[in-house]
Amino acid sequence: MQGFGNRSWFAGVTLAFVLVIAGCSTPRGPAPVEDRGTMTRAPAATVPGGPPITTDANGRPLAGIENYGKPGYYAVRPGDTIRRIGAETGQRWQDIVRWNNLDNPDLIEVGQVLRVIPPTGSGTAVAAAPATPSEGAVTKPVPPQPVVVPSTPSSGATKPSAPVTASPASPASGGSGDEDVGWIWPASGSLIAGFDESKNKGYDIAGKAGDPVLAAADGRVVYAGAGLRGYGNLIILKHNNTYLTAYAHNQTLLVKEDQSVQKGQKIAEMGNSDADRVKLHFEIRRQGKPVDPSRYLPSR
């Protein structure tokens, strides 16, 4: 019996030792990721039923938070860059840097609210001119920019706003001559996918690699590059203060940012960059929001 008791005691000690070792070696989950600013385009949704997040992880107010939700302002989302924000809002990224007094355009925080239309009421009507080192440069002559900011002192409310504040598309509701664009089809191929607000933000037009991609109206190139995921080699044209067009998946880009183009001008060659086949993905954006091209393009 004494031997049995010793064996039981030894087995108990051994089991306890094994459990201690197992507890020490159990893999721990990854440490929680701390985001410096967690507000996105709709910050109130980040805390259901609660107020929008207005401070970063250190309790400091997010830059520009007092302008959140106002027309002409944009809340930085994860993955955003100044160039991407410029492409989405139809503005030169250099102007966005200047309007927001950014010392380093590569340092922006999620949740930071940026001005994406020119300041008004202080002699800044030409704020869309190329950026210069001093703020007073807005009074200097600027190179021709046909479709940038109108020279008339009309209300700044007609300028493009951030996607957050885009209004529903309605051609009849446009002001002045912004609706008189005179659209044409950007490619001659057959339509292979139509507009679907939830799945396809524009038209997909078939073609062969190298087929011409044409400007759907007179405008200015506000983006030419491959920095927007899912669009491949992309061109965005600004036609006026209401309308932008986007041309995606190109094989070759034939225009550069800030270049003025005319309706029907060849701006790219069709391709399949970031796509499963050769095609042109074409969008018309009204005040930043993709709209159905069938309401604007002529029948054919």
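Located above this text is the structure these notes cover.
Rules used throughout
Residues numbered from 1 in each chain as written. Predicted model: local features only at pLDDT ≥ 70, side-chain atom pairs only at ≥ 80, totals over all residues. Heavy atoms only, no water. Helix = DSSP H or I, 4+ residues; strand = E, 2+ residues; numbered from the N terminus. Buried < 20%, exposed > 50% of the residue type's maximum accessible area, 1.4 Å probe, protein only. Contact = heavy atoms within 4.5 Å. Areas by Shrake-Rupley, 256 points an atom, 1.4 Å probe, with all protein chains shown as cover. Core = buried A, V, L, I, M, F, W, Y, C linked by side-chain atoms within 4.5 Å. Pairing = 2+ DSSP bridges.

Draft legend 1. Summary view of the overall build of the protein. From N to C terminus, the protein includes 3 helices and 12 strands. Burial analysis of the protein (300 residues in total) assigns 42% to the buried set. Considering only intrachain contacts with a sequence separation of at least 6, the fraction spanning at least 24 residues in the protein is 65%. Carbon and sulfur atoms form 56% of the exposed surface of the protein, whose accessible area is close to 15,800 Å².

Draft legend 2. Fine view of the nonpolar core. With 28 residues, the main nonpolar core has Trp183, Ile235, Leu237, Tyr247, Ile267, Leu280 and Ile284 as its most contacted residues. When residues of this core are traced back to their parent elements, those giving at least two are strand E4 (203-206), strand E6 (219-225), strand E7 (233-238), strand E8 (243-253), strand E10 (266-270) and strand E11 (279-286). Counting residues in each nonpolar core, the second largest holds 11 residues, with Tyr74, Ile85, Ile96 and Val97 among its members.

Draft legend 3. Spatial organisation of the environment of Lys208. As for its position among the elements, Lys208 is in the loop between E4 and strand E5 (212-214). Here Lys208 falls in the exposed class, since its relative accessible area comes to 59%. The spatial distance from the C-alpha of Lys208 to the C-alpha of Glu269 is 9.3 Å, given a sequence separation of 61 residues. Not counting residues within four places of it along the chain, the set of residues in contact with Lys208 comprises Met270 and Val278.

Draft legend 4. Fine view of the pairing of E8. With respect to burial, E8 is a largely interior element, 8 of its 11 residues being buried. Note: E7 against E8, 5 bridges, orientation antiparallel. Residue pairing in the sheet places Lys238 in a bridge with Leu244 of E8. One ladder, built from 6 bridges, connects E8 with E11; its direction is antiparallel. Looking at the pairing, Ala246 lines up with Glu283 of E11.

Scope: geometric values only; no functional claims are made or implied.
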